[in-house]
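Next come the chains, spelled out residue by residue.
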Amino acid sequence: MQISELLAVKRLHLRFLAGAEHAHRDIRWAYTTDLLEPARYLRGGELVLTGMMWRTRPEDSETFVASLVGAGALAVGAGTALGEVPQDLVAACEAHDVPLVEIPPETSFGVVTEEVLRSLTQRRFTTIAETRDRHRRVMAEVASGADFPEAFASAAEQAGLTAWVISSSGRQVASSGAPLPAEDRENIAAKALTWSAFPHTTRVSSGGEGRTLTVLPISTKESHPLASWLLVCTGDHAAWTEEEHESVAELVSVGVLARSRDEERSLTTARHLEGLPRLLAAQRFDEVTALMRGTGDGEEPEDRAHVVVSAMMLPEPRVPDLARRVVAELVADHPGAFVTGENDTLAVIPVEGSDHQARARAETIRAELVQRARVLDGGLLDYRLAVGLSSAATGVPELRGAAVEARHARRLAELRGGRSRVIAGAEIDSHELLLASVPEEVQTSYRERLLGPLVDYDRDHRSELVDTLEQFLSYSGSWQRCAAAMHVHVNTLRYRIGRVEELTGRDLSSLEHRVDLFLALKLRD
């Protein structure tokens, strides 16, 4: 309740002695004390009632009021049962800008406290009822298919909260008020993958203005940190009121419902399209067209261009369907995009415009995937994420070639390593495309057959034959330049290359043999 509401209760006969201009301040609690320095017993926002037993000299008034201000107390209520309020207390309250209320002898502190509690309790029950009504209304709207960002913004504004929903890759899902800058979203999402407990308080400083934010998970039954949502609210949760905690919990539950609906839609689409890769491989394009029409894209598939994404998590995740959910998150900002498959995942993204515009859009999509995958790196401790994408393909028949190109690019991404790797088909040069298209078991056999003797020799003799071979080929067989780069004598280099030739049975003066060993080294990267 506000101080003015308390003074409006006529039977209490209260009046201001100082600070009447602060009558609008809200009282959080009433606390009675006669300690000279009661700060350690206060939490902030209190109306402090005192009989002034602590006062033995005028200077004590300054000590008392300073202690209250340091603890965040709201106002002072001075009882006059033992005498008038001294002028030094009035002066101290004025100096610290603290309202001072006179409590007459006929009004007990207990009656004042009861009035404060009655008002706070009544307001509390009213707030709870309003919160529950609002919560039920928003949940019903989201459950019936209402636009989640709009429903979230409305609920947050009604609760007086500034909040955002972001995804595991830093994508903004919903917000109240101004959008959270991309730098902050990605920073929070990346850090959240390493946090072990929530709610978690963090600081952001984009735009030169630091602020404190609290982050909570929006967890569904199937949630995994790599494919989840987060609720971000302004302020430190430790300082929130009970009403604020309840309002935030309401937003979390609305987010959980929206996320569950989103996951259900994505899973339904994936199951509907699970035969797409097989149909593309068999060139049954009429059936592909019919399947894609059923995704609800709204446009004829043969009339537009698409970019195909092939992705896989290595090793195969223990969590079912995790790769598909991660890829669905990576492409979620693209209207009409769909994802199918489980670990060997295929995504198709529609792109608008002419052939030239579609090619430019494909490059933009690649840059977006690289950035979002990089945000996920902190959560890829047990897995690697390999992603390949095609050039823009116009019409359904070209999707087959685009799918092959994306798959080859993904295989190259697997070869290049890293927690996450995104490669576009347009990036692949001739020998990399060849290597990416070779089955993994053949790659392994080829590499071991050519380099195995060198690796074994290096291990047994602590030598550097593999590294020497790599350096020699990188300098196109130039003895002088290679020896200088390795800081060894030319005769030492000749000896090492001689050992390489003996162990591998290859002649490094032959271009054909050099190519064989070069490709084997590429498979080792």
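Placed above this text is the structure.
Keep in mind the model is a prediction, meaning the values are calculated, not measured.

## Structural notes on the overall build of the protein chain
The secondary structure content of the protein chain amounts to 18 helices and 16 strands. Relative to the compact-globule value of 24 Å for 525 residues, the protein chain shows a C-alpha radius of gyration of 35 Å, a clear excess of over 25%. Expressed along its principal axes, the backbone C-alpha trace of the protein chain runs to roughly 110 × 65 × 40 Å. Scored against the burial criterion, the 525 residues of the protein chain give a buried share of 47%. For the protein chain, long-range pairs separated by at least 24 residues make up 63% of all intrachain contacts whose partners lie at least 6 apart in sequence. Counting 58 positive and 78 negative side-chain charges, the protein chain places the centres of these two groups 4 Å from one another.

## A word on the packing of aromatic side chains
According to the stated counting rule, one finds 5 aromatic pairs in the structure shown. The interplanar angle of 15 degrees and the centroid separation of 4.3 Å between the aromatic rings of Trp54 and Phe64 together place this pair among those described as stacked. Taken together, the residues span a long stretch of sequence, with Trp54 in the loop between strand 3 (46–50) and helix 2 (59–71) and Phe64 in helix 2 at a distance of 10 residues. Note on Phe472 and Trp479: the rings are 4.8 Å apart at their centroids and 50 degrees apart in plane angle, and the pair reads as tilted. Here Phe472 falls in the buried class, since its relative accessible area comes to 1%. Three or more aromatic residues link up through ring pairs in this structure, and these residues are Phe148, Phe152 and Trp229. In this arrangement the basic side chain of Arg494 is found over the ring face of Trp479, its NZ or CZ atom lying 4.4 Å from the centre.

## Notes on the sheet that holds strand 9 (residues 211–218)
Spatially, 7-6-10-9-8 is the arrangement adopted by the 5 strands of the open sheet, whose pairing is antiparallel. Across the chains shown, the open sheet's two edge strands, defined by having one partner strand only, are strand 7 (172–175) and strand 8 (200–204). Taking the axes of each pair of neighbouring strands and ignoring which way they run, one obtains an average angle of 30 degrees across the sheet. Across 5 bridges, the pairing between strand 6 (residues 163–167) and strand 10 (residues 229–234) is antiparallel. Directly across from Ile166, in strand 10, lies its bridge partner Leu230. Against the sheet, helix 7 (residues 242–272) engages strand 6, strand 9 and strand 10, with an angle of about 155 degrees to strand 10.

## Considering the nonpolar core
In terms of nonpolar packing, the biggest core is built from 33 residues, with Leu226, Met313, Val326, Leu369, Leu385 and Leu389 touching the most fellow members. Core analysis: the second largest hydrophobic core is formed by 22 residues, Phe148, Leu216, Ile218 and Cys233 among them.

## Concerning the pattern of salt bridges
Here the idea is simple: oppositely charged side chains can pair when their charged atoms come close. Under the criterion given, the structure shown has 24 salt bridges. Close ionic contact of Asp88 with Arg55 constitutes a salt bridge, the shortest N to O distance being 2.6 Å. Of this pair, Asp88 sits in helix 3 (residues 87–95) while Arg55 sits in the loop between strand 3 and helix 2, and the two are 33 residues apart along the sequence. Classification of Arg55 by relative accessible area gives partly exposed; the value is 30%. Taking the shortest distance from any N to any O, the salt bridge between Arg410 and Glu414 comes out at 2.9 Å. Of this pair, Arg410 and Glu414 both sit in helix 12 (residues 397–416), separated by 4 residues, roughly a single helical turn. Both residues of the pair, Arg410 and Glu414, count as buried. Within the structure, one salt-bridge network assembled from shared partners comprises Arg259, Asp262, Glu263 and Arg265.

## Details of the sheet that holds strand 3
Strand order in this open sheet of 5 strands is 1-5-4-3-2, and the pairing throughout is mixed. With partners counted over all chains shown, the strands left at the sheet margins are strand 1 (15–18) and strand 2 (29–32), one partner each. Between one strand and the next, the sheet's axes are offset by a mean angle of 30 degrees, whatever the strand orientation. Taken together, the 4 bridges between strand 2 and strand 3 define a ladder with parallel strand orientation. Bridge pairing in strand 3 links Ala30 to Leu47.

## Observations regarding the environment of Ser509
The topology assignment puts Ser509 in the loop between helix 17 (490–504) and helix 18 (511–524). Overall, the relative accessible area of 59% leaves Ser509 in the exposed class. The spacing of Ser509 and Gly477 is 32 residues in sequence and 8.0 Å in space, taken between C-alpha atoms. If we ignore the near neighbours within four places in the chain, the residues touching Ser509 are Glu501 and Arg514. Engagement of the side chain of Ser509 in a polar contact is seen with the side chain of Asp507, the distance being 2.7 Å.

## Some remarks on helix 17
Taking 1.5 Å of rise per residue, the 15 residues of helix 17 would be expected to cover 21 Å, and the 21 Å separating its terminal C-alpha atoms lies within 8% of that figure. Along helix 17, the residues classified as buried are Val490, Leu493, Arg496, Ile497, Arg499, Val500 and Thr504. Structurally, helix 17 contributes buried residues whose contacts are with helix 14 (440–461), helix 15 (465–474), helix 16 (479–486) and helix 18. Trailing helix 17 by a residue or two, Gly505 shows a phi angle of about 75 degrees, which is positive.

## Structural notes on the packing of helix 15 against helix 18
Interaxial distance between helix 15 and helix 18 falls to 11 Å at its minimum, and their mutual angle equals 120 degrees. Judged on the interaxial angle alone, helix 18 and helix 15 are oblique. Judged by the twist between their axes, the crossing of helix 15 over helix 18 is left-handed. Residue-level contacts link Val466, Asp467, Leu469, Glu470, Phe472 and Leu473 of helix 15 to Arg514, Leu517, Phe518, Leu521 and Arg524 of helix 18. For the contact of helix 15 with helix 18, the class distribution of residues is 7 nonpolar, no polar and 4 charged.

## Some details on the packing of helix 14 against helix 18
As a packed pair, helix 14 and helix 18 sit with axes 9 Å apart at the nearest point and diverge in direction by 120 degrees. Comparing their axes, helix 18 and helix 14 come out oblique. Remark: the crossing between helix 14 and helix 18 carries left-handed chirality. Residues Gln443, Tyr446, Arg447, Leu450 and Leu451 of helix 14 pack against Asp516, Leu517, Leu519, Ala520, Leu521, Leu523 and Arg524 of helix 18. Tallied by class, the residues present in the contact of helix 14 with helix 18 amount to 8 nonpolar, 1 polar and 3 charged.

How each quantity is defined
Residues numbered from 1 in each chain as written. Predicted model: local features only at pLDDT ≥ 70, side-chain atom pairs only at ≥ 80, totals over all residues. Heavy atoms only, no water. Helix = DSSP H or I, 4+ residues; strand = E, 2+ residues; numbered from the N terminus. Rg over C-alpha atoms; globule rule 2.2 N^0.38 Å. Buried < 20%, exposed > 50% of the residue type's maximum accessible area, 1.4 Å probe, protein only. Contact = heavy atoms within 4.5 Å. Lys, Arg positive; Asp, Glu negative; His and termini not counted. Charge placed at Lys NZ, Arg CZ, Asp CG, Glu CD. Phe/Tyr/Trp six-rings, centres within 6.5 Å; stacked < 30°, edge-to-face > 60°. Lys NZ or Arg CZ within 6 Å of the ring centre and 35° of its normal. Pairing = 2+ DSSP bridges. Axes fitted to C-alpha atoms, helices over the stretch in contact; angles between N-to-C directions. Core = buried A, V, L, I, M, F, W, Y, C linked by side-chain atoms within 4.5 Å. Salt bridge = Lys/Arg side-chain N within 4 Å of Asp/Glu carboxyl O. Polar contact = N/O pair within 3.5 Å; in protein donor to acceptor, adjacent residues only side chain to side chain. Expected span 1.5 Å × (residues − 1). Parallel < 35°, antiparallel > 145°, perpendicular 65-115°, else oblique. Left-handed = near helix turned anticlockwise from the far one by under 90°. Nonpolar A, V, L, I, M, F, W, Y, C, P; charged D, E, K, R; others polar.

Purely geometric numbers; function is a separate question.
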